[in-house]
Amino acid sequence: MLEVVLPEKSYEIIIERNALDHVSEWIEGIWKNKKIAIISDTNVFPIYGEKICQQLRASYEVVHYVVSAGESSKSFDMAAHLYAFLAEEQFTRSDAVIALGGGVIGDLASFVASTYMRGISFVQIPTSLLAQVDSSIGGKTAINAPMAKNMIGTFAQPDGVLIDPETLMTLSERRIQEGIAEIIKCGAISDETLWQDLAKLTGVADLLANSEKIIEKALRVKKQVVEEDQFDNGNRLLLNFGHTIGHAIENTAGYGQISHGEAVAIGMVQITKQAEKMGKSPVGITAQLIQMIEKYQLPIKYQPWEEQSLYDAITHDKKARGKTLKIILLDKIGQARIQEIPLESVKDYLKEGN
């Protein structure tokens, strides 16, 4: 168990195999006398939804809404449908939402909860590795806009996070791999021992066998930076390593064509390769990064590589502030820094040859 400790709110993260067998006990320790809406998707709800509903109905009035699986559901239109659903079910500020699913559901459901009636309570039950090690904690909520991923959102902390590594057994290998990209990122920017653990494992199957330990280590990295910088103005930006270029790749490829984790893996390699060429990261560090990323069968290249399209996407991204951009560069494995550059200079990091 981990605890995220913030000035106005603290909450626990439970990491436990078969935790979904005891959801009702967990919820009863957090909420009393609430109506609960479970928001999930067409992939996840058929596997876990009814089981959780049955547990909760003994103590709560429970309703559910199932959205289509995929990034396209993280939209204004779907948020509007969910607002209407909550209103029709007569949800008030005393009621609550459970986000049951991967990163799309976590972002969408928490955004809706944080904005419905100026904010109602919610918890996260992340069922993908990417959500378990990244998006389910930290309080970032979001939906996509046509010009950029995650452009519309809030900072709103959950009341708790429940992680059951057994849910990973139902995922495709590609979905496991995209979560591993974020774990590699955590090791690269802040935890050399996590990096060494990843190096010792034999591959994806071995990582899954040791998932509780690996998930906890990755979350400790995120927990620390969130506690230091809840609103993304300082060191929390370190978590964006690979994301500036990665989000641009997702945008230009069309959401859902390349996964978030795959795009981040490519983004980490691209920015580090160019930084190494410019003498801003140490010689040989790109090779270390590539070796780790390829070990877990993630991509290091993306085609077609269109520098202008990627630049246009970055300049519309929320990480671009005024005429400068803060990028994340590696000093060594386990240590990164924030570098502020003129917005125009980001083109140096987008040069062809990846």
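Definitions and limits used
Residues numbered from 1 in each chain as written. Predicted model: local features only at pLDDT ≥ 70, side-chain atom pairs only at ≥ 80, totals over all residues. Heavy atoms only, no water. Pairing = 2+ DSSP bridges. Helix = DSSP H or I, 4+ residues; strand = E, 2+ residues; numbered from the N terminus. Phe/Tyr/Trp six-rings, centres within 6.5 Å; stacked < 30°, edge-to-face > 60°. Expected span 1.5 Å × (residues − 1). Buried < 20%, exposed > 50% of the residue type's maximum accessible area, 1.4 Å probe, protein only. 1 Å grid on protein atoms, 1.4 Å probe; cavity = no way out; pocket = protein on both sides within 12 Å on 5 of 7 lines; lining within 4 Å. Points joined across faces, edges and corners; volume = space filled by probe spheres on them.

Q: Account for the pairing of strand E4 (residues 61-67), naming residues and giving values.
A: Along any regular strand the residues' side chains alternate between the sheet's two faces. Alignment of strand E3 (residues 35-41) against E4, held across 7 bridges, turns out to be parallel. Paired with Ile36 across the bridge in E4 is Val62.

Q: Break down the packing of aromatic side chains for me, citing the residues and quoting the values.
A: As enumerated under the stated definition, the model contains 3 aromatic pairs in all. Note on Phe155 and Phe231: the rings are 5.3 Å apart at their centroids and 80 degrees apart in plane angle, and the pair reads as edge-to-face. On the criterion of sequence distance, the pair formed by Phe155 in strand E8 (residues 148-155) and Phe231 in the loop between helix H9 (211-228) and helix H10 (243-253) is long-range, its members being 76 residues apart. Plain terms: the ring middles of Tyr302 and Trp305 are 6.5 Å apart, the flat faces sit at 70 degrees to each other, and that makes the pair edge-to-face.

Q: Can you lay out helix H11 (residues 260-277) for me, pointing to particular residues and giving the numbers?
A: Over its 18 residues, H11 extends 26 Å from the first C-alpha to the last, a length consistent with the 26 Å expected when each residue adds 1.5 Å. Summarising burial for H11: 16 of the 18 residues are buried, a large majority. A positive phi of about 80 degrees marks Gly279, the residue just after H11.

Q: If you had to explain empty space enclosed by the protein to someone new, which residues and values would you point to?
A: The probe, sized like a water molecule, is rolled over the atoms to show the empty space still left. For the structure shown, the criterion picks out 1 cavity of 30 Å³ or more. Estimated volume of the largest cavity: approximately 40 Å³. Lining the largest cavity are Asn240, Phe241, Gly242, His243, Thr244, Ile271, Lys326, Ile327 and Ile328. Counting residues per element, the lining of the largest cavity draws most heavily on strand E11 (residues 324-332), which supplies 3 residues.

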